[in-house]
Amino acid sequence: MANHKSALKRHRQSLKARERNRMMKTRVKNATKALHAAIESHDNEAVANALKNVTSILDKAASKKIVHWRTAARKISRLSVASNKI
């Protein structure tokens, strides 16, 4: 464990950042699952709403450097191709 005051603060900050990053990654996963469920149900309106939601969440995660911007772009592209097939 750290002994210096600044190192203790940095450790606290890293724990908070880790929690925020985990929450955002979980949001991405849940939104993606919701989109896949909407695609399975063949409901065009639900698919459109879910795709908009996933795109927004992935863009936000990429802007906060939680997910690499190219990874986010690739996932958005693949999800939109999958949603356009129905």
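The structure we're discussing is the one just above.
Presented here is an overview of the structure given in this document. (Residues numbered from 1 in each chain as written. Predicted model: local features only at pLDDT ≥ 70, side-chain atom pairs only at ≥ 80, totals over all residues. Heavy atoms only, no water.)

## Topic: the overall build of the protein
Phase 1: The number of helices and strands found in the protein is three helices and zero strands.
Phase 2: Relative to a compact globule of 86 residues, whose C-alpha radius of gyration would be 12 Å, the protein shows 17 Å and is clearly more extended.
Phase 3: Looking at the protein as a whole, 24% of its 86 residues qualify as buried.
Phase 4: Residue pairs in contact within the protein that sit at least 24 positions apart in sequence constitute 54% of those at least 6 positions apart.
Phase 5: Of the roughly 6,700 Å² of accessible surface on the protein, 51% is carried by carbon and sulfur atoms.
Phase 6: Distance from the positive charge centre (21 side chains) to the negative charge centre (5 side chains) of the protein: 18 Å. (Helix = DSSP H or I, 4+ residues; strand = E, 2+ residues; numbered from the N terminus. Rg over C-alpha atoms; globule rule 2.2 N^0.38 Å. Buried < 20%, exposed > 50% of the residue type's maximum accessible area, 1.4 Å probe, protein only. Contact = heavy atoms within 4.5 Å. Areas by Shrake-Rupley, 256 points an atom, 1.4 Å probe, with all protein chains shown as cover. Lys, Arg positive; Asp, Glu negative; His and termini not counted. Charge placed at Lys NZ, Arg CZ, Asp CG, Glu CD.)

## Points about the packing of helix H2 (residues 44-63) against helix H3 (residues 69-84)
Two measures define how a pair of helices packs: the angle their axes make with one another and the distance between the axes.
Phase 1: Two numbers describe how H2 lies on H3: the axes approach to 9 Å, and their chain directions differ by 175 degrees. Here H3 runs roughly antiparallel to H2, going by the angle between their axes. Residues Val47, Leu51, Val54, Thr55, Leu58, Asp59 and Ala62 of H2 form the contact with H3, whose participating residues are Trp69, Ala72, Lys75, Ile76, Leu79, Ser80 and Ser83.
Phase 2: Here the contact of H2 with H3 is built from residues that sort into nine nonpolar, three polar and two charged. (Axes fitted to C-alpha atoms, helices over the stretch in contact; angles between N-to-C directions. Parallel < 35°, antiparallel > 145°, perpendicular 65-115°, else oblique. Nonpolar A, V, L, I, M, F, W, Y, C, P; charged D, E, K, R; others polar.)

## A word on the side chain of Ser83
Phase 1: Among the secondary structure elements, Ser83 is positioned in helix H3.
Phase 2: By relative accessible area, which is 8% here, Ser83 ends up buried.
Phase 3: Here Ser83 is in contact with Ile39, Val47 and Leu51, once residues within four sequence places are set aside.

## Comments concerning the side chain of Thr32
Phase 1: Here Thr32 lies in helix H1 (residues 5-41).
Phase 2: The exposure class of Thr32 is buried, given its relative accessible area of 19%.
Phase 3: Those residues within four positions of Thr32 in sequence are excluded, and the remaining contacts are Val54 and Leu79.

## Regarding the nonpolar core
Phase 1: Ranked by size, the top nonpolar core spans 19 residues in total, and within it Leu35, Val54, Leu58 and Ala61 carry the most contacts.
Phase 2: Every element with two or more residues in this core is listed here: H1, H2 and H3.
Phase 3: At eight residues, the largest contribution of residues to this core is made by H2.
Phase 4: With sequence-adjacent residues up to four places away left out, Leu35 is seen in contact with Val47, Ala50, Leu51, Val54 and Leu79. (Core = buried A, V, L, I, M, F, W, Y, C linked by side-chain atoms within 4.5 Å.)

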